[in-house]
Amino acid sequence: MFKYIFRKAVGLIPVFFGITLISFFVIHLAPGKPTDLNTALNPKVSYESRERLERLYGLDRPVYEQYASWLKRFVMFDFGRSFIDDRPVSERILERIPVTLGINISSMLLIFGIGLPLGVLAAVKRNRIVDRFSTVFVFAGFSAPEFWVALLAMSFFCITLGWLPVSGIKSLDFECLTMGGKILDVARHMVLPVCIAAFGSLAGISRYMRSSMIGIMDLDFIRAARAKGLSERAVIFRHAVKNAILPVVTIIGLSVPGLIGGSVIFESIFAIPGMGRLFYDSVMARDYPTIMGILSVGAILTLFGNLLADLLYHAADPRIRVEESRKL
Amino acid sequence: MCVVGRWSLVVSKIPLAMLAVFFLCLSSALAETPEYGDAIVVASIGDARSLVPILASDSASSDICGLVFNGLVKYDKNIDIVGDLAKDWEITDGGRRIIFHLKKGVRWHDGAPFTSRDVRFTYNKLVDPKVKTPYGSDFGRIESLDTPDDHTVVVNYKEPFSPALSSWGMWIMPEHLLKDKDLNSAPFGRRPVGTGPYKFKSWKTGEKIELASNPDYFDGAPYIGRYIYRIIPDDATIFLELQTGGVDSSVLTPLQFTRQTDTPSFRSRYNKFRYPGFGYTYMGYNLSDGRFRDIRVRRAIDHAVNKEEIVRTVFFSLGRVITGPFIFDSWAYNKSVAPAPYDPSRAKELLKDAGWYDADGDGWIEKDGVEFEFTILINQGNNERLRSAEMIQNYLKAVGMRVKIRTLEWSALINDFINKRKFDAVLMGWFLPRDPDCYDIWHSSRTREGQFNFIGYGNGEVDKLLEEGRRTFDQEERALIYKKIHSLINADSPCLFLYSPDALPIVSKRFRGVEASPIGIGYNFTKWYVPKEEQKYK
């Protein structure tokens, strides 16, 4: 088993460096320079000043040289300093992670908490009104543009009803609140973003669960359980769900990189300082060190998530285990 | 006492009924003595980058630096230069030397005194090749800078350069805090210390920046206690926040200004302001393109496009048609130059003179069998420009020109098309500094790759006047020069001057003392206040 994990993990290292190499060259293919955003066509910034800036950022060197120096720093866990504000890239990423992680974990809990039961319900009541209704509901969430749903919800809950704050993650008087007040304040700010993020992703999980469940419900052992005279409740929860949920669980592994990813549109609308905006702003400003930092973290998490999914399959399905050991 | 005496003199001459009204007004005016306290919440689309003043090149960083720091000079409400940290100044040696006399008793937020050494330090950093500042060029013209005593700064220039005085609006940095630091990465950029009306308090990246009033400010402590700068990247959200009162002040789009804020709830809670903006939008031609080199073609386009209608439709008339490259309300703008009237038939005549007419009757004009077809490039994310380009497309279709529009991301547009001069026409804007010197945009020597005269304009007379404008210090003389430049450039039509959109700020009604002026509403921000009973934040 450990041998298997080790082999898999070692195999991922060249893949990782391949990803960084391709990313580095691709981002340099995009036209423009980090110095453009605020200095191009600014009559107060002369041509000579811009040339000076490009030299200071090391942009006058060839791309492969720039990659080599990036790599040299990276293997010593130094992500470099941002072109935007000259702060360490690791610091810029770390300060965004708690908010992003908090929203993503809570919306993921909500997605699984609602999506799984909804999928089971739809499978059990297949082609009946409940199934039809849930299908329409989850696909409405899936197809409606997130920003539009968000704006409608903000307008209704925050302005018409006045129940929730429009945007941000804390109130302006946050520092003066009691501990309980602070928690409540953050919770009130998080309600809309978390619910709307979850609404858009319900379709995936619930449909996956539904089809997995339908596949199981037709199998012989379910018929046997029913023939034994078990109650329908016991058949569904003790036998069917338990088996149907296994493939769904491996999705968790694949959603690991998504935990630190954020959506730009979404974070912009709710004024949340998360990873999505950091990435978008960095791309727009051609802040190469930050872009590379985020891409590397994303690559590591994606590879790690794949490994985790492999292992979960491995643990969940004896057939895979046998085949792997045969290959070894 | 003197004031009371004058009132009574006036009072004795007006009828009783009016007198009563007069007293009512007077008493309410007297009751409104400015009061301290409350906070203002301002929304910004982007976060600040660095609060080291000489590195601040984005609008958010500049907004904050403007409240935390001071320059030696600043612009007053009528866009005239007045002293800020400098009490006054002398210009001698035919403009080669400026002697600043600094105000005494000014202190940094940490209590250290402000002296001429801070000015010298700021200058040294501006010209230090290792500092990533984009503002070095104006200061590179300085031959030497001396500080004979703590409150005098003598600046010697290599040659007379009249925009130099306004360049000293550059914010001054404290030497004692930054002396041996690497400015580019100094923590100072996240925790600035200045001399300005507000002290830096906190910065939560991507969320908000908070400032607190400086009770010892040399120009009088500001009334509003806290300044909260919220970063809200989406316009629609800012607008929703205005409705819930989560934001006190913002800038509106023309659509929001005319329609969406025209509701009883907005009218009762907000004051809207309007003043001419500092930018203008134009369609620049690539003058190395043979078709556009013919002035008849350029004049024809000027007549074919109904600029008034663009301002009316795209900006709901919240802007004005311009005829030259200067700030509309400034002393350099030549108001005697009239815009070319909208006259499609005149346009067609001019085109025919230039050899362009519809020979085969298909509705498009040709010359030697080649149709007049060109592409207007615009940058992504600017709806007003896109709509203006679409209207231009339509107007030019009416005179037989086939126009395409292509939208490009900003960096791609600049690097691959504008800098390389690979374009037929571009619809762009210039955001102008307050000083009218526009040498870099119009001088024929500034046409290399990456320089600002990318349309390739060159007129010997304009070149000479631009050089003269930089050497002349007397404002009236300079006004004559720039007005001449204005009319010469307009006569050459090197580009299609379109419009200058108005700035449209909105401020909560609880703030008093806010008024629009040629330079905007922010110039007297330290004098804004909120009456005690209306104060919202503690």
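It should be emphasised that the depicted structure is a prediction, and the values quoted were computed from it without experimental measurement.

Caption draft 1: Summary view of the sheet that holds strand β6 (residues 142–149) of chain B. All names here are of chain B. The strand order across the open sheet built from 4 strands is β4-β5-β7-β6, with neighbouring strands paired in antiparallel fashion. Unpaired on one side and paired on the other, β4 (86–92) and β6 mark the two borders of the sheet. Each strand of the sheet is rotated relative to its neighbour by a mean of 15°, with strand direction disregarded. Across the face of the sheet, helix α4 (residues 116–126) comes into contact with β5 (97–102), β6 and β7 (152–157) while running at roughly 160° to β6.

Caption draft 2: Quick look at the interface of chain A and chain B. Each side of the interface is counted separately: chain A has 40 residues, and chain B has 44 residues. With 7 residues, the single largest contributor to the side of chain A that touches chain B is helix α3 (residues 47–56) of chain A. A per-class count over the side of chain A that touches chain B returns 20 nonpolar, 9 polar and 11 charged.

Caption draft 3: View of the pairing of strand β8 (residues 198–204) of chain B. Residues and elements named next belong to chain B. Note that β8 and strand β9 (residues 208–213) share 6 bridges and pair antiparallel. Paired with Y198 across the two strands is S213, which belongs to β9. Taking the residues between adjacent antiparallel strands as the criterion, β8 and β9 are bridged by 3 residues, where G206 takes a positive phi near 70°.

Caption draft 4: Geometry of the nonpolar core. Grouped together as the largest cluster of nonpolar side chains are 173 residues, with contacts concentrated most on M283 and I376 of chain B. Excluding its chain neighbours within four sequence positions, the residues that come into contact with I376 of chain B are M283, A389, I392, V403, I405, A425, V426 and L427 of chain B. F24, M275, Y288 and I291 of chain A belong to the second largest nonpolar core, which has 14 residues in total.

Caption draft 5: Quick look at the environment of G456 of chain B. Residues and elements named next belong to chain B. Within the secondary structure, G456 sits in the loop between α17 (439–442) and α18 (460–471). For G456, a count of 17 C-beta atoms within 10 Å puts it in the partly exposed group. Taking C-alpha positions, G456 is 35 Å from G71, a pair spaced 385 residues apart along the chain. Once you skip the residues sitting within four places of it in the chain, G456 turns out to touch N286, L287, S288 and T447.

Caption draft 6: A look at the pairing of strand β10 (residues 226–231) of chain B. As paired strands, strand β1 (residues 39–44) of chain B and β10 of chain B are joined by 6 bridges and run parallel to one another. Paired with A39 of chain B across the two strands is R226 of chain B, which belongs to β10 of chain B.

Caption draft 7: Spatial organisation of the confidence of the model for chain B. Residues and elements named next belong to chain B. When pLDDT is averaged along chain B, the result is 88; 94% of the residues meet or exceed 70. Looking over chain B, one finds the lowest element-wise mean pLDDT in helix α1 (residues 2–11), namely 34, and the highest in β5, namely 95. Residue range residues 1–30 is modelled with pLDDT below 50. Its contacts to residues more than four positions away, or to other chains, number 2 contacts. We note a pTM of 0.80 for the whole complex and an ipTM of 0.76 for its interfaces.

Caption draft 8: Helix α19 (residues 475–492) of chain B, seen in detail. All names here are of chain B. The terminal C-alpha atoms of α19 lie 25 Å apart, and with 18 residues this matches the ideal 26 Å at 1.5 Å per residue to within 8%. All buried positions along α19 are accounted for by R478, I481, Y482, K483, I485, H486, I489 and N490. Residues of α19 that are buried sit in contact with α17 and α18. Directly beyond the C-terminal end of α19, a positive phi value near 35° is found at S493.

Caption draft 9: Seen up close, unusual backbone geometry. Despite not being glycine, I79 of chain B has its phi angle at roughly 60°, a positive value. Counting through the fold element by element, I79 of chain B comes out in the loop between β2 (73–75) and β3 (81–83).

Caption draft 10: Fine view of the packing of helix α5 (residues 89–124) of chain A against helix α6 (residues 129–143) of chain A. Residues and elements named next belong to chain A. Contact pair α5 / α6: the axes reach a minimum separation of 8 Å and the direction vectors enclose 140°. With respect to each other, α5 and α6 are oriented oblique. Every pair of crossing elements has a handedness; the one defined by α5 and α6 is left-handed. Residues L118, L121 and A122 of α5 form the contact with α6, whose own contacting residues are V130, D131, S134 and T135. Looking at the contact of α5 with α6 residue by residue, the class counts come to 4 nonpolar, 2 polar and 1 charged.

Caption draft 11: How the structure looks around the environment of F25 of chain A. Of note, F25 of chain A is situated in helix α1 (residues 2–29). Residues F25 of chain A and Y67 of chain A lie 42 residues apart in sequence; the distance between their C-alpha atoms is 8.2 Å.

Caption draft 12: Broad picture of the packing of helix α9 (residues 220–227) of chain A against helix α10 (residues 232–254) of chain A. Residue and element names in this part refer to chain A. Across the interface, α9 lies against α10 with an axial gap of 10 Å and an inter-helix angle of 150°. With respect to α10, the element α9 is oriented roughly antiparallel. Between α9 and α10 lies a crossing whose hand is right-handed. In this structure, α9 contributes F221, I222, A225 and R226 to the contact, and α10 contributes V235, H239 and A240. Taken together, the residues that form the contact of α9 with α10 break down as 5 nonpolar, 1 polar and 1 charged.

Caption draft 13: Just the environment of E51 of chain A, in detail. Inspection of the secondary structure assignment puts E51 of chain A in helix α3. The spatial distance from the C-alpha of E51 of chain A to the C-alpha of V120 of chain A is 63 Å, given a sequence separation of 69 residues.

Criteria and thresholds
Residues numbered from 1 in each chain as written. Chains lettered and ligands numbered in written order. Predicted model: local features only at pLDDT ≥ 70, side-chain atom pairs only at ≥ 80, totals over all residues. Pairing = 2+ DSSP bridges. Helix = DSSP H or I, 4+ residues; strand = E, 2+ residues; numbered from the N terminus. Axes fitted to C-alpha atoms, helices over the stretch in contact; angles between N-to-C directions. Contact = placed C-beta atoms within 7 Å. Nonpolar A, V, L, I, M, F, W, Y, C, P; charged D, E, K, R; others polar. Core = buried A, V, L, I, M, F, W, Y, C linked by C-beta atoms within 7 Å. Buried ≥ 20, exposed ≤ 12 C-beta atoms within 10 Å, placed from the backbone. pLDDT = per-residue confidence, 0-100. Expected span 1.5 Å × (residues − 1). Parallel < 35°, antiparallel > 145°, perpendicular 65-115°, else oblique. Left-handed = near helix turned anticlockwise from the far one by under 90°.

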